[in-house]
Amino acid sequence: MGYPSLEACVRDLERNGQLIRIREEVDPHLEMAAIHMRVFERGGPALLFENVKGSPFRAVSNLFGTLDRSRFMFRDTLERVQTLVELKYDPLRALRHPVRHLASLAAATSAMPRRAAARSFDTTRVGALPQIVNWPADGGPFITLPQVLTEDIRRPGVLHANLGMYRIQMAGNEYVLDREVGLHYQIHRGIGVHQAIANAAGVPLKVSIFVGGPPAHTLAAVMPLPEGLAEVTFAGALGNRAFRWFRDEDGHIISVDADFVITGTVHPHETRPEGPFGDHLGYYSLAHPFPVMRVSRVRHRRDAIWPFTVVGRPPQEDTSFGALIHELTGSAIPQEIPGLRAVHAVDAAGVHPLLLAIASERYTPYLDEREPQEILTIANHILGKNQLSLAKYLWICAHEDDPDLDIHDVTAFLMHVLERIDPARDLHFQTRTTIDTLDYSGTGLNEGSKVTIAAAGPRRRELWRELPAGLDLPRPFASAALALPGAAVVEAPRFVNYEAAEREIAALAAELRGRALDGLPLLVLCDDAGFAAAGIDNFVWVTFTRSNPSHDVHGVGSFIEHKHWGCRGPLIIDARIKPHHAPPLEKDPAVERRVDRLGQRGASLHGVI
């Protein structure tokens, strides 16, 4: 289905019973986000807010809230775009099956961006846009679904431009209202490369921020596309409508179909504190200096609609984004890394903290006892690949040991590895390296460590499926619970500092040494064992968002041999909240009570929430 505008999409969803209008006035400060989350949690429809307090503009959210709705919006183009992405990764496929791929190749040609005549927009100011604040401690209102376009000053042109989704702080902190906005992006992203080039030349970087437009444009901004496939071309193919653009008098690229366009410049080395912001790990990212954009103009269509989403502990709407992206890219990443069969960034663990991978282990077919070798080479390749490089924990296993293993069954995957690892041999660390900017478990902004946990070969142990009655733990450790077979969570005292933690864990390891614990290869120290053991989502969220491998991985009978760390007994991960961690996200009870009114009889969301 080719939507020429966001308005067309909204009307289509409403006609098909997939969108509800909220007529009541709603407050963009916390209330709109709370409404969105309440509806998303129930698998509800998209929401059109018709009366946003303090703004003349309507707003829409939860467009991508379910995978089925995302498929519906792109029902006429999904299959063709899947083939187009596959062909970019494997161009020879078109030569092998030319007739089958003619439609996709024709679609790629018709999807090329088109220069259009300049169109007339109305103008407004940043402060008149919906000032949506998601979480109580957020530093101000943010644009959560922007499409940020920049160019390499050495190679200008829309086909070489980067269209990415980087959060935008609209007000608060030290920003001059209506004249400045903040840009937050991770260091490896395309906009960062463009800014570094502009900084080196001593010139401002022109930035265009698009909000709204056909939903294909929003999805294109978050897609991990193969080299040579421009985001604007992908948007045209997915939306069945070429990306239309013109340059304004200041040289900015303007999307003809966007609902809003904010243009401006980023000057070399000019920053402001940006944040805090409730982020996808389930915690706040704190205030740090990030580039500031000087705003030159804010344009909008007549009857424009402001799309937004809420970012927080998964699952959220970006979980559905991820599911759709997986459908579109299919096996693209494995095709780029020889020997890789599948890779899964675990959404429940905040995406980047935990990667699971299945790969081929073929290096030593003549050995009686197989061990990780080829999969370690593949692991290094994974950790050097675009956003996969942000991972902290990579669990990787050999395809040959269980060809039917489902990488998306997190419990079964972890059990498979725990049955096979030799903790004296199979842990491989990278220290003092980069991690996700949003992850505060490390030693500083962008600073932390990684560990690969590899498993290849036959099953080494039977995992405990219940804790034995006589498993006594020394003080100050309290209750323990099995989170999954072979992995127990242990309630520990409040974390004070790393020196005290080393002493506590050394005492625990000494007490456990010599005990028959082979069926329990993993112990996780946490603040609340009941919460961490309540389900696999809680377990992976606590374990992998609250630990830094180099500082928080310990073990019973640990040793260092020729700079290799290992242990002979159970692995111990200290996943307690540390003083330097960012605070977790918590809803405001008073706002939640206000939202209840919309579910009452006669209100817009009666029967939905």
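What counts and what doesn't
Residues numbered from 1 in each chain as written. Predicted model: local features only at pLDDT ≥ 70, side-chain atom pairs only at ≥ 80, totals over all residues. Heavy atoms only, no water. Helix = DSSP H or I, 4+ residues; strand = E, 2+ residues; numbered from the N terminus. Rg over C-alpha atoms; globule rule 2.2 N^0.38 Å. Buried < 20%, exposed > 50% of the residue type's maximum accessible area, 1.4 Å probe, protein only. Areas by Shrake-Rupley, 256 points an atom, 1.4 Å probe, with all protein chains shown as cover. Pairing = 2+ DSSP bridges. Core = buried A, V, L, I, M, F, W, Y, C linked by side-chain atoms within 4.5 Å. Contact = heavy atoms within 4.5 Å. Phe/Tyr/Trp six-rings, centres within 6.5 Å; stacked < 30°, edge-to-face > 60°. Axes fitted to C-alpha atoms, helices over the stretch in contact; angles between N-to-C directions. Parallel < 35°, antiparallel > 145°, perpendicular 65-115°, else oblique. Nonpolar A, V, L, I, M, F, W, Y, C, P; charged D, E, K, R; others polar.

(A) Seen up close, the overall build of the protein. Looking only at helices and strands, the protein has 18 helices and 30 strands in total. Relative to the 2.2 N^0.38 estimate, which gives 25 Å for 609 residues, the radius of gyration of the protein is 25 Å and therefore close to what a compact globule would have. The principal-axis extents of the C-alpha atoms in the protein amount to approximately 75 × 60 × 55 Å. Residue burial in the protein is summarised as follows: out of 609 residues, 60% are buried. Of the accessible surface of the protein, which amounts to about 24200 Å², a share of 50% is contributed by carbon and sulfur atoms.

(B) Spatial organisation of the pairing of strand β12 (residues 244-247). Pairing of strand β4 (residues 114-115) with β12 involves 2 bridges; the strand directions are parallel. By the bridge assignment, arginine 114 is partnered in β12 with arginine 244. Here 3 bridges tie β12 to strand β13 (residues 253-255), and the two strands are oriented antiparallel to one another. Its bridge partner lying in β13, arginine 247 is registered against isoleucine 253. Hairpin remark: β12 followed by β13, antiparallel, with 5 residues in the connecting loop; positive phi at glycine 251, about 90°.

(C) Representation of the nonpolar core within the structure. The biggest cluster of nonpolar side chains holds 53 residues, and the ones touching the most others in it are Leu63, Phe74, Leu219 and Phe234. The dominant element in this core, judged by the number of residues it contributes, is helix α9 (residues 231-239), at 5 residues. Setting aside residues no more than four positions away along its own chain, phenylalanine 74 makes contact with Phe64, Pro215, Ala216, Leu219, Leu238 and Leu324. In terms of nonpolar packing, the next biggest core, distinct from the first, is built from 49 residues, Ala349, Leu427, Val489 and Val524 among them.

(D) Local environment of the packing of aromatic side chains. Enumeration according to the criterion identifies 14 aromatic pairs in this entry. For the pair phenylalanine 210 and phenylalanine 243, a centre-to-centre distance of 6.3 Å together with 45° between the ring planes defines the contact as tilted. With a gap of 33 residues between them, phenylalanine 210 in strand β11 (residues 205-211) and phenylalanine 243 in the loop between α9 and β12 connect regions that are remote in the sequence. Of the two residues examined, phenylalanine 210 and phenylalanine 243, each falls in the buried class. Look at tryptophan 395 and phenylalanine 544: their rings are 6.3 Å apart centre to centre, the planes differ by 90°, and that puts the pair in the edge-to-face class. Here phenylalanine 544 lies in helix α16 (residues 536-545) and tryptophan 395 lies in strand β21 (residues 393-398), a separation of 149 residues in the sequence. For tryptophan 395, a relative accessible area of 3% gives the class buried. Through a chain of ring-to-ring contacts, three or more aromatic side chains come together here, namely Phe57, Phe260 and Trp306.

(E) Broad picture of the packing of helix α13 (residues 410-420) against α16. It is at 10 Å that the axes of α13 and α16 come closest, and there the two elements cross at 60°. On the basis of their axis angle, the class for α13 and α16 is oblique. For the pair α13 and α16, contact is made by Val410, Thr411 and Leu414 and by Ile536, Phe539 and Val540, respectively. Looking at the contact of α13 with α16 residue by residue, the classes come out as 5 nonpolar, 1 polar and no charged.

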